[in-house]
Amino acid sequence: MESATRPTTGADGPYWQAMAAGRLELPRCEDCGRWHWPAVFRCGSCGSWSQAWHSLAMQGQVFSYARSWHPFAGAEGIAVPYVSLVVELPQAGGRRVLGLLRGDERDLAIGAEVKGIAASTLVGETPIPAMHWFLNNAERGA
Amino acid sequence: MIGTFSGSTAVAGIGLRQYKRGKAPMPERGVLIRAIVDACEDAGLDPADVDGFVSYGDDRNNEPVRLMSDLGTKELCWSSMIWGGGGGGIAAAFGSAAAAIATGQARAVIIFRTLVQGDSGRLSGAVMAHHMNDHLLAAGIVSPAQPCALRAQRMFEHHHVPLSVAEELVRASYYHGARNPNAVSYGKELDLGAYRSARWITEPFRLFDCSRENDGAGALLMVSSEMAKDLKNKPVYLLGVTQGAGRGWGDLLENDDHYASAGFESVARRLWQQSGLQPNDIDVAQLYENFSAQGVASLIDHGFCTYENVAEFVRFENLIAPGGKLPVNTSGGNLAEGFIHGIGMAIEAVRQLRGESSNPVPNAKTCLLAGGPGAPTVSSAIFGTERP
Ligand SMILES: [Zn+2]
């Protein structure tokens, strides 16, 4: 499924380009080393305008999760029930990214290790780039 | 230090028109005009003398200038909206009105919110439209229930808050709603079995953990305390109000620092400083509960209890009028009275301090209003029966 990147008014354009190309990238301040997510144009900590994007390993820990059963308007492209994840990335200063859980859900808990893939989520008629995550012991390809 | 406008402004009139969803007898603006005129009649003020308006939560259909012809407005002097798509701006709306009055920019300000489904659509959709972006959509997050569920899950699982506290809060709301003739749940006690087995919306929330919208409009008239003395009804004074977000809280793609909180830590700290009051000075609270867990998190954020002792504090007996330690949501709140984006909770704060609540708290002198827990911008206010 070819996913689409859409215009953004924020500083996160490179995230979408990387995700569409199969990579997870987040920005880090070149002057003070702080990881920023959401992306910033200017580092609010040190005032630097130099933010560099870094490719990251797609692994982390479940920071929180929510399993949705209600057929919410806008999520018709995702079969219910589905689990939305907040995943903490130690390799990016503990910044958290969002995504969908796929595969076996049996060991789902806060703190569980997950590995991710660059995939796409169907929003309306449009597949948009998305992180999809698997619990470390889960079979892929569900 | 007590805030410079503490007690200098007061609510002088209230109006609330609430209907079952889809049952409003007029389009949205008509219902709103009706509620504003109710509030003016309640205060004994000619609606034409209202010169300011404040709303919150993207009340996009009802720009104040459009209300002037119906109200006969002589001059519009103040027109503002608190930023944010959710209910986080509800208490801040009183701060905006008070600032206008205290600085002489307006004399009689209406705080309002209105919601009629055919005109505004589903509120949850509108709230998410404000905050929506592709990062959330890509994770299937399309409704306020989901970020609130993510935070609630963290509160229950990581901070070890027992799930039972959500049920205690819901029971208290429905207990009050069952005794409020204007509530959607009037005369209907909460069936605990039905609560516990209701369908999941987003785990950990089942159906009755979630507020559900009504059609209607609410309006409150605010004036200076001097002017309030000459009006018909007993003034209810604004003793303190704060809004905003601390560093590390906001629209942060779920990167908020104290993730499991309701976002009130900085707002509550400033509220207690500004008003010179503390949690144990509060007699009754109206906690905007979009979802049950966020009502509980609001109590923790404001310092009424902690993760460690929350189960001792958030008990049904403690939360109900007349005798509970801190009666909450004495009209039934968003869950059981009805949900017009929380404006009913501000109206209940006034009713309670006038002694007009269906579930009166004897001798209540102070009432906390905590708005829109979990929203990027939140706000809180304290109302009182006496000027400090
Ligand atoms: Zn920096």
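Residues numbered from 1 in each chain as written. Chains lettered and ligands numbered in written order. Predicted model: local features only at pLDDT ≥ 70, side-chain atom pairs only at ≥ 80, totals over all residues. Heavy atoms only, no water.

Draft legend 1. Seen up close, empty space enclosed by the protein. Using the criterion set out here, one finds three cavities of 30 Å³ or more in the structure. Around the largest cavity, the lining residues are Tyr15(A), Trp16(A), Trp37(A), Val97(A), Leu98(A), Gly99(A), Pro129(A), Ala130(A), Met131(A), His135(B), Ala138(B) and Leu253(B). When its residues are assigned to classes, the lining of the largest cavity shows 10 nonpolar, two polar and no charged. A domain split of the lining of the largest cavity shows at least three residues from each of domain 1 (10-56) and domain 2 (57-142) of chain A. (1 Å grid on protein atoms, 1.4 Å probe; cavity = no way out; pocket = protein on both sides within 12 Å on 5 of 7 lines; lining within 4 Å. Points joined across faces, edges and corners; volume = space filled by probe spheres on them. Nonpolar A, V, L, I, M, F, W, Y, C, P; charged D, E, K, R; others polar. Domains from an automatic or database assignment.)

Draft legend 2. Structural context of helix 16 (residues 343-354) of chain B. All names here are of chain B. Here helix 16 contains 12 residues, and its C-alpha end-to-end distance of 17 Å stays within 8% of the 16 Å for a straight helix at 1.5 Å per residue. With 12 of 12 residues buried, helix 16 is to be regarded as a mostly interior element. Gly 355 sits one or two positions beyond helix 16 and adopts a positive phi of about 80°. (Helix = DSSP H or I, 4+ residues; strand = E, 2+ residues; numbered from the N terminus. Expected span 1.5 Å × (residues − 1). Buried < 20%, exposed > 50% of the residue type's maximum accessible area, 1.4 Å probe, protein only.)

Draft legend 3. View of the sheet that holds strand 11 (residues 378-384) of chain B. Residue and element names in this part refer to chain B. Strands sit in the order 3-2-4-7-1-8-11-10-9 across an open sheet of nine strands; the sheet is mixed. Single-partner strands in this sheet number two, and they are strand 3 (78-82) and strand 9 (284-287). For this sheet the average axis-to-axis angle between neighbouring strands, irrespective of direction, equals 25°. Of the strand pairs in this sheet, strand 1 (residues 9-19) and strand 7 (residues 215-224) are connected by 10 bridges, and their pairing is antiparallel. Bridge pairing links Gln 18 to Gly 216 in strand 7. (Pairing = 2+ DSSP bridges. Axes fitted to C-alpha atoms, helices over the stretch in contact; angles between N-to-C directions.)

Draft legend 4. Structural context of the layout of surface pockets. The computed volume of the second largest pocket comes to approximately 390 Å³. Contributing to the lining of the second largest pocket are 18 residues, with Thr8(A), Thr9(A), Gly10(A), Asp12(A) and Asn133(B) lying nearest its centre. Listed by contribution, the elements that provide at least two residues to the lining of the second largest pocket are helix 5 (123-131) and helix 6 (134-138) of chain B. Looking at side-chain class alone, the lining of the second largest pocket contains seven nonpolar, seven polar and four charged residues.

Draft legend 5. The packing of helix 8 (residues 164-178) of chain B against helix 12 (residues 292-301) of chain B, seen in detail. Residues and elements named next belong to chain B. Close contact between helix 8 and helix 12 brings their axes to 8 Å; oriented N to C, the two are set at 95°. As summarised for this structure, helix 8 and helix 12 are arranged roughly perpendicular, according to the angle between their axes. Between helix 8, through Val 165, Ala 166, Leu 169 and Val 170, and helix 12, the contact on the second element is made entirely by Ser 292, Gly 295 and Val 296. A class-by-class count of the residues in the contact of helix 8 with helix 12 yields five nonpolar, two polar and no charged. (Parallel < 35°, antiparallel > 145°, perpendicular 65-115°, else oblique. Contact = heavy atoms within 4.5 Å.)

Draft legend 6. Looking closely at the side chain of Asn334(B). Take Asn334(B): it is sitting in helix 15 (residues 333-336). The contacts of Asn334(B), once residues within four sequence positions are left out, are Ser211(B), Arg212(B), Tyr288(B), Glu289(B), Asn290(B), Phe339(B), Gly342(B) and Met345(B).

Draft legend 7. Quick look at the environment of Ser261(B). Residues and elements named next belong to chain B. Position of Ser 261 among the secondary structure elements: in the loop between strand 8 (236-244) and helix 11 (265-275). A C-alpha to C-alpha distance of 5.6 Å links Ser 261 and Ala 297, two positions 36 residues apart in sequence. Engagement of the side chain of Ser 261 in a polar contact is seen with the backbone oxygen of His 258, the distance being 2.9 Å. (Polar contact = N/O pair within 3.5 Å; in protein donor to acceptor, adjacent residues only side chain to side chain.)

Draft legend 8. Examining the coordination of the zinc ion more closely. Residues and elements named next belong to chain A. For the zinc ion, the full set of protein donor atoms is Cys 29 (SG), Cys 32 (SG), Cys 43 (SG) and Cys 46 (SG), and the range of their distances to it is 2.3 to 2.4 Å. Of note, the zinc ion draws all its donor residues from one chain, in the sequence arrangement C-x2-C-x10-C-x2-C. Taken as a pair, Cys 32 in the loop between strand 1 (24-29) and strand 2 (51-56) and Cys 43 in the loop between strand 1 and strand 2 lie far apart in primary sequence, 11 residues in all. (Donors = N, O, S within 2.8 Å, 3.2 Å for Na, K, Ca; no water.)

Draft legend 9. Broad picture of the domain arrangement of chain A. All names here are of chain A. Here the domain parsing of chain A yields domain 1 (10-56) and domain 2 (57-142). Each of domain 1 and domain 2 was reduced to a C-alpha centroid, and the two centroids are 21 Å apart. Each partner contributes to the interface: domain 1 provides 13 residues, whereas domain 2 provides 13 residues. In this assembly, domain 1 packs against domain 2 so that about 1,100 Å² is buried in total across both faces, 74% of it on carbon and sulfur atoms. Counting across the interface, domain 1 meets domain 2 through zero salt bridges. Applying the counting rule to domain 1 against domain 2 returns two residue pairs in polar contact (both at pLDDT 80 or more). Sorting the residues of the side of domain 1 that touches domain 2 by element identifies helix 1 (13-20), strand 1 and strand 2 as the ones contributing at least two each. With four residues, the top contributor of residues to the side of domain 1 that touches domain 2 is helix 1. Grouping the constituent residues of the side of domain 1 that touches domain 2 by class yields nine nonpolar, three polar and one charged. (Buried area = accessible area lost by both parts, 1.4 Å probe. Salt bridge = Lys/Arg side-chain N within 4 Å of Asp/Glu carboxyl O.)

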